[in-house]
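Inside the fold
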Amino acid sequence: MTTDELFYIENGEKDLFFISPGRKRDFSPVSWSQYFESMEDVEVENETGKDTFRVYKSGSEGPVLLLLHGGGHSALSWAVFTAAIISRVQCRIVALDLRGHGETKVKNSEDLSAETMAKDVGNVVEAMYGDLPPPIMLIGHSMGGAIAVHTTSSNLVPSLLGLCMIDVVEGTAMDALNSMQNFLRGRPKTFKSLENAIEWSVKSGQIRNLESARVSMVGQVKQCEGITSPEGSKSIVEGIIEEEEEDEEGSESVNKRKKEDDMETKKDHPYTWRIELAKTEKYWDGWFRGLSNLFLSCPIPKLLLLAGVDRLDKDLTIGQMQGKFQMQVLPQCGHAVHEDAPDKVAEAVATFLIRHRFAEPIGGFQCVFPGC
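Each chain has its residues counted from 1, following the order in which its sequence is written. Confidence filtering applies because this is a predicted model: local features only for residues at pLDDT of at least 70, side-chain atom pairs given and counted only at 80 or more, and all residues used for totals across whole chains, interfaces and linings. Values shown for side chains rest on all heavy atoms present in the structure; no hydrogens or waters enter the calculation.

Rules: UniProt positions are given in the numbering used here, feature names are shortened, and annotations may be inferred rather than shown by experiment.
By the naming in an unreviewed UniProt entry, the protein chain is Protein phosphatase methylesterase 1, taken from Mustela putorius furo. Its UniProt record, at the heading Catalytic activity (unreviewed entry), says of the protein chain: "[phosphatase 2A protein]-C-terminal L-leucine methyl ester + H2O = [phosphatase 2A protein]-C-terminal L-leucine + methanol + H(+)". Looking at the Sequence similarities (unreviewed entry) heading of the UniProt record, one finds this comment for the protein chain: "Belongs to the AB hydrolase superfamily."

Set out below in structure tokens:
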């Protein structure tokens, strides 16, 4: 799961690929409007005032596919998938920036508990559709998949007709948590430009699909408000991570130089991560513990999409053998399955929707029913 990368390290190693010398690739950012039809900030009333949730939308007919991104990512991670699924079946897309992520603004952005985020999903649906929401299918990647399950099990979306988890399994997720802090410390803290961040995401293997990275990374990083780090700052220059040496002079001189260095870092490397995932550690266990049984107990049609069959834990293996959910493995993908292979994920979701008669095919789309 990733940061979702939280849990991109589930398989125990980072997947890297290399670009052949002399091949020029375009790492410039791309606007959300090339993939979504509209954007909306949905206001949700609560005890302390109003929270505002950013959503991106497409489509005008059919069931709503409510898309929940992974930790550290944003609704923009669904951009290329949205274009792919809209061309296959009649449906409406609502991709949501969860609290603490993307352009969503809430009073308490540090509360990323499963309970709070599941309530957010229910509140956004109510704010958008009132007491009579349309049929909705929840689709979540990694952390977002866990939140989709918690939302479903708590019956927070009354018109729910289906549930899809993408590359999140309790067993491998819990195992990966022990390595998460080391993984996060190994990432660059700043980038000199959006292009630089996009290039890093592709070359590091976080996102294997350059098209998706060019729109998705815009939602993962922001312009720096100020950089302070007692360990010396990590920055990335032209795809190579460099670590500055710590100053060993007297403390007064060090502090003065540190402030100057911070200003230079901000000037030279003006982009950093939108969310400090390391600070969310206290919530990780709550996202994933008991997830497999919760998923199996949800009384609606369910789909599990995985990057590898080795990710299955015991409970899900038994449940799959008993036919409690549909599963499809999409090989040659990284953890960000819906970004790396958006057409394959769209085909699997479209087939699921048509098989259960939740949506009508368009554009001559032909279902290919998987064997599992």
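**Describing the overall build of the protein chain**
What counts here: Helix numbering and strand numbering both begin at the N terminus, where a helix is a DSSP run of H or I of at least 4 residues and a strand a DSSP run of E of at least 2. When accessible area is computed with a 1.4 Å probe and restricted to protein chains, residues below 20% of their type maximum are described as buried, those above 50% as exposed, and intermediate ones as partly exposed. Contacts are residue-level and defined by heavy atoms, with any inter-residue pair within 4.5 Å sufficient. Residue exposure ignores everything except the shown protein chains as possible cover, and the areas themselves are Shrake-Rupley values with a 1.4 Å probe.
Across its full length, the protein chain holds twelve helices and 13 strands. Here the protein chain, with 372 residues, has 56% of them falling under the buried criterion. Nonlocal contacts in the protein chain, meaning residues at least 24 apart in sequence, comprise 75% of its contacts between residues at least 6 apart. A total accessible area of about 16500 Å² is found for the protein chain, and carbon and sulfur atoms account for 46% of it.

**Remarks on the pattern of salt bridges**
Quick note on the threshold: The term salt bridge refers to a side-chain nitrogen of Lys or Arg lying within 4 Å of a carboxyl oxygen of Asp or Glu.
Throughout the structure, instances matching the rule amount to 13 salt bridges. Linking Lys 57 and Glu 40 is a salt bridge whose minimum nitrogen-to-oxygen distance equals 2.6 Å. Here Lys 57 is found in strand β2 (residues 49–58), whereas its partner Glu 40 is found in strand β1 (residues 38–46), with 17 residues between them in sequence. Taking relative accessible area as the criterion, Glu 40 reaches 30% and is therefore assigned partly exposed. Among the ionic pairs, Glu 45 bridges to Lys 50, the shortest N-O distance being 3.9 Å. Bridged by salt links that share partners, the residues Glu 43, Glu 45 and Lys 50 form one connected network.

**With respect to the UniProt feature "active site" (unreviewed entry) in the protein chain**
In the numbering adopted here, UniProt assigns the feature "active site" (unreviewed entry) to Ser 142, Asp 167 and His 335. Their sequence span is 194 residues, while the largest C-alpha to C-alpha distance among them is just 8.3 Å; these annotated residues converge on one region. With a relative accessible area of 0%, Ser 142 lands in the buried category. Along the chain, the position of Asp 167 falls in the loop between β6 (160–166) and α4 (170–185). The class for Asp 167 is buried, based on a relative accessible area of 0%.

**Quick look at the packing of helix α3 (residues 143–153) against helix α8 (residues 281–288)**
Spelled out, the test is: Only the stretch in contact is used when fitting a helix axis, every axis being a line fitted to C-alpha atoms; angles between N-to-C directions are given from 0 to 180 degrees. By the definition adopted for this analysis, an angle is roughly parallel if under 35 degrees, roughly antiparallel if over 145, roughly perpendicular if from 65 to 115, and oblique otherwise. Rotating anticlockwise by less than a right angle from the far helix to the near helix defines a left-handed crossing, while the corresponding clockwise rotation defines a right-handed one. Following the grouping adopted for this structure description, the nonpolar residues are Ala, Val, Leu, Ile, Met, Phe, Trp, Tyr, Cys and Pro, the charged ones are Asp, Glu, Lys and Arg, and the polar ones are all others, Gly among them.
Packing of α3 against α8 leaves a shortest axis separation of 9 Å and a crossing angle of 55°. Here α8 runs oblique to α3, going by the angle between their axes. α8 is crossed by α3, and the crossing has left-handed handedness. Only Gly 286, Trp 287 and Phe 288 of α8 make contact with α3, whose side of the interface consists of Met 143, Ala 146, Ile 147 and His 150. Looking at the contact of α3 with α8, its residues break down into five nonpolar, two polar and no charged.

**Observations regarding the sheet that holds strand β4 (residues 92–96)**
How we decide: Paired strands, as defined in this entry, are two strands with at least two bridges between them according to DSSP.
Spatially, the eight strands line up as an open sheet ordered β1-β2-β4-β3-β5-β6-β12-β13, and their pairing is mixed. Pairing within the sheet leaves two strands with one partner each, and these edge strands are β1 and β13 (326–329). When strand polarity is set aside, the average angle formed by the axes of neighbouring strands in this sheet is 20°.

**Some remarks on the pairing of β2**
Looking at chain direction, β1 and β2 are connected through nine bridges and run antiparallel. Across the sheet, residue Asp 41 finds its bridge partner in β2, namely Arg 54. In this structure, the hairpin formed by β1 and β2 is closed by a connection of two residues. Sheet topology note: the β2/β4 ladder contains four bridges and is antiparallel.

**Thoughts on the packing of aromatic side chains**
Remark: the centre distance and the inter-plane angle together describe each pair of aromatic rings, the angle taken between the planes. Note the cut-off: Between the rings of Phe, Tyr and Trp (Trp by its six-membered ring), a pair exists once the centres lie within 6.5 Å; its type follows the angle of the planes, with under 30 degrees stacked, over 60 edge-to-face, and the other angles tilted.
Under the defined criterion, the tally for this structure stands at nine aromatic pairs. With centroids separated by 5.3 Å and ring planes inclined at 35°, the aromatic side chains of Phe 36 and Tyr 56 adopt a geometry described as tilted. Of this pair, Phe 36 sits in the segment before β1 while Tyr 56 sits in strand β2, and the two are 20 residues apart along the sequence. The class of Phe 36 is buried, set by a relative accessible area of 3%. Residue classification places Tyr 56 among the buried residues on the basis of a relative accessible area of 3%. On the numbers, 5.7 Å between centres and 75° between planes, the contact of Trp 200 with Trp 273 is edge-to-face. Here Trp 200 is found in helix α5 (residues 194–203), whereas its partner Trp 273 is found in strand β11 (residues 271–273), with 73 residues between them in sequence. For Trp 200, a relative accessible area of 9% puts it in the buried group. A relative accessible area of 10% means that Trp 273 is categorised as buried. Joined through ring pairs, the aromatic side chains of Trp 32, Phe 36 and Tyr 56 make up one cluster.

**Let's talk about the side chain of Gln 220**
Quick note on the threshold: Whenever two N or O atoms come within 3.5 Å, that pair is a polar contact, provided that in protein one can donate a hydrogen and the other can accept it, and provided that, for residues adjacent in sequence, both atoms are side-chain atoms.
Among the structural elements, Gln 220 can be located in the loop between α6 (210–216) and β8 (221–223). Only 3.0 Å separates the side chain of Gln 220 from the side chain of Gln 206, close enough to count as a polar contact.

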